[in-house]
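Listed here are the chains, written in short residue letters.
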Amino acid sequence: MSTGVPPRRARWPRPLVAGALAVAALTAAPSAGGAPADGTPAAAGTARTETPVSSASPVAGITETQVSLRIPLPASAGSHPARCDRLSYLRYRSSDGPSESAGADRILVAQPGILEGAGAFDSVARNTVRAAADRGEHIEFWALDRRSNCLEDNAGVATGSVRRAVGYYYEGQKIDGHAFDGFLASDQAGWLAEVGLEQTVRDQYDLLSAELPDRRLRKEKVLCGGHSLGGVLTGVFSTWDFDGNSATTADAGYNQCAGYFALDTTIAVDLDDLNGGSDTLNGGVLPKGTVPETGLGYTVVQAGLRSGVLPRFLALPAVINPEIMNVLAISGLAARTAPAARSTLQSDLPANDNIETTTRTMFSKNAAVFLSGRPTIRDFRLTNEAVLGAFMDDNSAPLSFIQTSVGLFDGGRLADKDFPVSNDVQGSPALFGTELKAIPDEPGGPLYTWRDFDRVGAPDDPVHRSADGTPFTTAAKEVSDIGELARSLSEQPLDFTEDYFPTKLVTDLSLVDDPRIARHMAHPEGPTANPAITFVAGDGILADRVPADKNPVVLPGYQHLDVLTAAPVQNDGSRERIATLLSAFGRR
């Protein structure tokens with residue numbers, strides 16, 4: 001049975017890679033390769049569509065729509081699917097507010113982080129719009145989706161059925177007469193070699209200009225911001241010169257915004273704040289090897305992307321790749337539709353190398369278990385919520401950029417999870433997080449359930465403890481509802497995760513001083529030209545280097561994704577702080 005998983009690429013020795021890139025630099029031209037144009041008109045040629053989105057969110061009084069605009073890629077991008085000539089975003093507004101965006105009091109426009117789609121903003125968008133509406137103000141929240149997300153096929157998850165989703169992605173079953181074409185390999189997405197920093201900020205500018213043609217209105221009402229890498233993209237956007245004449249400033253990025261907001265990030269023009277000053281994200285926020293080295297310079301790196309020597313999107317053989325991003329969505333769907341049911345995903349999904357290695361990485365008690373492969377996640381009885389918690393909770397997930405604080409395993413004995421880093425060793429907060437890790441310790445035993453964030457510390461809480469007697473978690477450390485996380489992962493028409501993140505976007509950010517990029521960043525005053533509000537997750541990727549110069553709002557107990565997923569009412573009974581403070585900042 002074919003799984004659609006790209007074959008593993010052999011690791012090349014660094015000298016050989018350097019030599020191949022050098023040759024490519026002399027021979028490669030912009031590629032017209034990649035996914036072939038499908039020949040169909042985008043949305044039947046409709047320039048703009050706006051489609052209602054139905055949601056089971058408990059936050060009332062919010063109208064959500066999916067907006068799509070036809071804004072074609074330049075011819076220099078080469079051949080690409082027609083659907084990729086569209087830009088999309090999720091629009092959230094108060095149901096009793098103005099129907100036209102121009103009539104809103106403020107419009108918050110958010111750039112997603114790395115490996116992240118528009119759906120990730122669902123909770124923070126709803127909470128913020130609701131907080132403003134409760135004060136009689138009407139703001140909108142636009143969650144942008146990167147253009148590369150046009151390559152995703154969410155049809156299986158969109159059925160709302162785990163069985164149909166698995167059948168579609170793995171068993172050849174069709175939906176509306178269409179079969180899944182498989183997860184793309186790098187050589188099927190050649191056009192992504194041209195989608196980097198310039199295209200990304202241009203897409204934001206073009207979308208804003210199309211939706212809000214009056215530049216003065218944009219300057220008055222739009223707040224630009226983002227999460228994680230989205231803060232850096234916002235900083236670069238603020239410096240960009242969009243008309244090619246640096247002497248004029250009406251087109252400058254900072255003049256499209258009245259202010260900025262940063263969600264566990266800063267409004268900056270490089271990656272230093274995110275990765276502690278290293279040259280790339282490798283070993284900082286992402287595992288080493290995720291992002292290609294850029295030391296050979298812009299020309300060689302770009303040639304490597306065009307020739308295919310370098311991957312066109314970020315992917316590792318396991319843990320970080322399109323198939324696993326999709327598995328997260330399926331896991332969210334299972335936890336949304338049958339949260340307390342015993343999970344069958346372990347048996348429903350194929351036992352291919354990618355999934356097996358990923359689950360061993362995410363669910364091994366220690367290095368010996370990882371190496372032996374026994375016991376595996378398939379040897380435990382887990383509810384659907386417990387599986388999702390194993391993948392994404394800060395007391396289980398090994399990588400900080402996918403961590404949320406959604407509770408803890410329950411229903412059986414827990415042990416210290418000492419892989420990939422031991423609880424006894426202080427790891428890198430940016431890479432592994434800050435919290436003690438726990439794992440079920442009774443294979444073939446009881447049904448492990450999930451204790452949600454607001455039940456941690458309840459009278460019936462057994463208070464699971466680490467070997468040294470320290471509780472794995474407390475109520476003060478839990479801020480997000482696992483049910484709402486599951487809903488955001490699987491309900492949104494634009495995905496929470498990002499299957500095909502363009503490599504060029506991060507290599508460009510590592511090479512912003514190259515003249516071919518720097519010449520566009522003609523307004524260095526951009527990041528400080530407007531007022532800003534900065535939120536820092538107290539246990540997130542900036543936990544060990546809080547940017548004091550930004551006067552940030554530090555959020556105790558929050559992890560990197562909690563700034564997007566936090567529940568509207570917290571364990572102490574207070575309203576979620578980002579929603580309260582961000583909506584108030586918009587009013588100012």
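Just so it is clear, the model here is predicted, and its values are computed rather than measured.

Brief notes about the overall build of the chain
Phase 1 of the analysis: Per the secondary structure count, the chain includes 20 helices and 14 strands.
Phase 2 of the analysis: Within the chain, the proportion of its 588 residues that are buried is 60%.
Phase 3 of the analysis: Partitioning the intrachain contacts of the chain with sequence separation of at least 6 by distance along the chain shows that 78% fall at a separation of at least 24.

Considering the environment of Ser583
Phase 1 of the analysis: Turning to its location among the elements, Ser583 is positioned in helix H20 (residues 577–587).
Phase 2 of the analysis: Taking the relative accessible area as the measure of exposure, Ser583 reaches 1% and is therefore buried.
Phase 3 of the analysis: As a C-alpha pair, Ser583 and Leu108 span 475 residues in sequence and 9.4 Å in three-dimensional space.
Phase 4 of the analysis: Setting aside its immediate chain neighbours within four residues, Ser583 contacts Thr128, Ala131, Ala132, Arg135, Glu137, Ile139 and Ile578.
Phase 5 of the analysis: A distance of 3.0 Å separates a polar atom in the side chain of Ser583 from the backbone oxygen of Thr580.

Observations regarding the sheet that holds strand S6 (residues 222–227)
Phase 1 of the analysis: Judged by pairing direction, the sheet is mixed, and its nine strands sit side by side in the order S1-S2-S3-S5-S4-S6-S7-S13-S14 without closing on themselves. Of all strands in the sheet, those with a lone pairing partner are strand S1 (48–52) and strand S14 (553–555), marking the two edges. For this sheet the average axis-to-axis angle between neighbouring strands, irrespective of direction, equals 20°.
Phase 2 of the analysis: Note that strand S2 (residues 62–70) and strand S3 (residues 86–94) share nine bridges and pair antiparallel.

Considering the packing of helix H9 (residues 298–307) against helix H17 (residues 503–510)
Phase 1 of the analysis: Two elements in contact, H9 and H17, have axes whose closest approach is 11 Å; the angle formed by their N-to-C orientations is 175°. Classed by the angle they form, the pair H9 and H17 counts as roughly antiparallel. In this structure, H9 uses Tyr298, Val301, Gln302 and Leu305 to contact H17, whose residues at the interface are Thr503, Lys504, Thr507 and Asp508.

Quick notes on the state of the cysteines
Phase 1 of the analysis: Scanning the model with the defined rule gives two disulfides in all.
Phase 2 of the analysis: Each sulfur of the disulfide joining Cys84 and Cys150 lies 1.9 Å from the other. Around the S-S axis, the bridge from Cys84 to Cys150 shows a dihedral of about 95° and counts as right-handed. In this pair, Cys84 is assigned in the loop between S2 and S3 and Cys150 in the loop between strand S5 (139–145) and helix H3 (155–158), connecting sequence segments 66 residues apart.

Overview of helix H2 (residues 122–133)
Phase 1 of the analysis: Its twelve residues place the ends of H2 17 Å apart at the C-alpha level, agreeing with the 16 Å of an ideal helix rising 1.5 Å per residue.
Phase 2 of the analysis: The buried count for H2 comes to eleven of twelve residues, which makes it a mostly enclosed element.
Phase 3 of the analysis: Of all the positions in H2, only Asp122, Ser123, Val124, Ala125, Arg126, Asn127, Thr128, Val129, Ala131, Ala132 and Ala133 are classed as buried.

Observations concerning the sheet that holds strand S9 (residues 407–410)
Phase 1 of the analysis: Spatially, the three strands line up as an open sheet ordered S8-S12-S9, and their pairing is mixed. The open sheet terminates on both sides in strands that have one partner only, identified here as strand S8 (381–382) and S9.
Phase 2 of the analysis: Relative to strand S12 (residues 447–452), S8 runs parallel, the two sharing two bridges. Within S12, the residue paired with Leu382 across the bridge is Tyr448.

Looking at the pattern of salt bridges
Phase 1 of the analysis: In the structure shown here, the tally under the stated rule is 31 salt bridges.
Phase 2 of the analysis: In this structure, Arg135 engages Glu137 in a salt bridge whose closest nitrogen and oxygen atoms are separated by 3.3 Å.
Phase 3 of the analysis: Across the pair Arg451 and Asp460 runs a salt bridge, and its minimum N-O distance is 2.9 Å.
Phase 4 of the analysis: The class for Arg451 is buried, based on a relative accessible area of 4%.

Description of unusual backbone geometry
Phase 1 of the analysis: Cis geometry is adopted by the peptide bond preceding Pro375, which originates at Arg374 and carries an omega value of -5°.
Phase 2 of the analysis: On the secondary structure map, Pro375 appears in the loop between helix H13 (367–372) and S8.
Phase 3 of the analysis: Cis rather than trans, the peptide bond between Phe419 and Pro420 has omega equal to 5°.
Phase 4 of the analysis: In this structure, Asp264 is a non-glycine residue whose phi angle is positive, near 50°.
Phase 5 of the analysis: Here Asp264 shows up in the loop between strand S7 (259–263) and helix H8 (272–275).
Phase 6 of the analysis: With relative accessibility at 0%, the residue Asp264 sits in the buried group.
Phase 7 of the analysis: Although it is not a glycine, Val319 sits at a positive phi angle of roughly 75°.
Phase 8 of the analysis: Among the structural elements, Val319 can be located in the loop between H9 and helix H10 (322–337).

Some details on the side chain of Glu116
Phase 1 of the analysis: Here Glu116 lies in the loop between strand S4 (106–111) and H2.
Phase 2 of the analysis: Buried within the structure, Glu116 lacks any salt-bridge partner; Arg146 is the closest side chain of opposite charge, at an N-O distance of 6.4 Å.
Phase 3 of the analysis: At a separation of 2.9 Å, a polar atom in the side chain of Glu116 contacts the side chain of His227.
Phase 4 of the analysis: The residues contacting Glu116, other than those within four sequence positions of it, are Phe121, Arg146, His227, Phe496, Thr497, Glu498, Leu561 and Leu564.

Topic: empty space enclosed by the protein
Phase 1 of the analysis: Tallied over the full model, the rule gives seven cavities of 30 Å³ or more.
Phase 2 of the analysis: Taken together, 22 residues form the lining of the largest cavity, with Ile324, Val327, Thr358, Thr359 and Phe391 sitting closest to its centre.
Phase 3 of the analysis: Secondary-structure elements contributing two or more residues to the lining of the largest cavity are H10, helix H11 (345–348), helix H12 (353–362) and helix H14 (384–392).
Phase 4 of the analysis: The element contributing the most residues to the lining of the largest cavity is H12, with five residues.

Some remarks on helix H4 (residues 162–170)
Phase 1 of the analysis: Most of H4 is tucked away: seven of the nine residues are buried.
Phase 2 of the analysis: Buried within H4 are the following residues: Val162, Ala165, Val166, Gly167, Tyr168, Tyr169 and Tyr170.
Phase 3 of the analysis: On its buried side, H4 packs onto H3, H10, H11 and H12.
Phase 4 of the analysis: Two or three places before Arg163, at the start of H4, stands the capping residue Ser161, its side-chain oxygen 3.4 Å from that residue's backbone nitrogen.

A closer look at the packing of aromatic side chains
Phase 1 of the analysis: Throughout the structure, instances matching the rule amount to 15 aromatic pairs.
Phase 2 of the analysis: The interplanar angle of 85° and the centroid separation of 4.9 Å between the aromatic rings of Phe313 and Tyr500 together place this pair among those described as edge-to-face. A residue pair is termed long-range when its members are at least 10 positions apart, and Phe313 in the loop between H9 and H10 and Tyr500 in the loop between helix H16 (482–491) and H17 qualify at 187 residues. Neither residue differs from the other here; Phe313 and Tyr500 are each classed as buried.
Phase 3 of the analysis: Aromatic rings pair up to connect Tyr168, Tyr169, Phe180 and Phe183 into one cluster.
Phase 4 of the analysis: The ring centre of Phe370 lies 5.5 Å from the NZ or CZ of Arg360, which sits over that ring.

Notes on the nonpolar core
Phase 1 of the analysis: Counting residues in each nonpolar core, the largest one holds 130 residues, and the members touching the most others are Phe141, Leu197, Met392, Leu509 and Ile578.
Phase 2 of the analysis: A per-element tally of this core places H14 first, with six residues.
Phase 3 of the analysis: If we ignore the near neighbours within four places in the chain, the residues touching Phe141 are Leu90, Arg91, Tyr92, Leu108, Ala110, Phe121, Val124, Ala125 and Val129.
Phase 4 of the analysis: Core analysis: the second largest hydrophobic core is formed by 31 residues, Cys150, Phe180, Phe183 and Ala189 among them.

Parameters at a glance
Residues numbered from 1 in each chain as written. Predicted model: local features only at pLDDT ≥ 70, side-chain atom pairs only at ≥ 80, totals over all residues. Heavy atoms only, no water. Helix = DSSP H or I, 4+ residues; strand = E, 2+ residues; numbered from the N terminus. Buried < 20%, exposed > 50% of the residue type's maximum accessible area, 1.4 Å probe, protein only. Contact = heavy atoms within 4.5 Å. Polar contact = N/O pair within 3.5 Å; in protein donor to acceptor, adjacent residues only side chain to side chain. Pairing = 2+ DSSP bridges. Axes fitted to C-alpha atoms, helices over the stretch in contact; angles between N-to-C directions. Parallel < 35°, antiparallel > 145°, perpendicular 65-115°, else oblique. Disulfide = S-S within 2.5 Å. Expected span 1.5 Å × (residues − 1). Salt bridge = Lys/Arg side-chain N within 4 Å of Asp/Glu carboxyl O. Lys, Arg positive; Asp, Glu negative; His and termini not counted. 1 Å grid on protein atoms, 1.4 Å probe; cavity = no way out; pocket = protein on both sides within 12 Å on 5 of 7 lines; lining within 4 Å. Points joined across faces, edges and corners; volume = space filled by probe spheres on them. Phe/Tyr/Trp six-rings, centres within 6.5 Å; stacked < 30°, edge-to-face > 60°. Lys NZ or Arg CZ within 6 Å of the ring centre and 35° of its normal. Core = buried A, V, L, I, M, F, W, Y, C linked by side-chain atoms within 4.5 Å.

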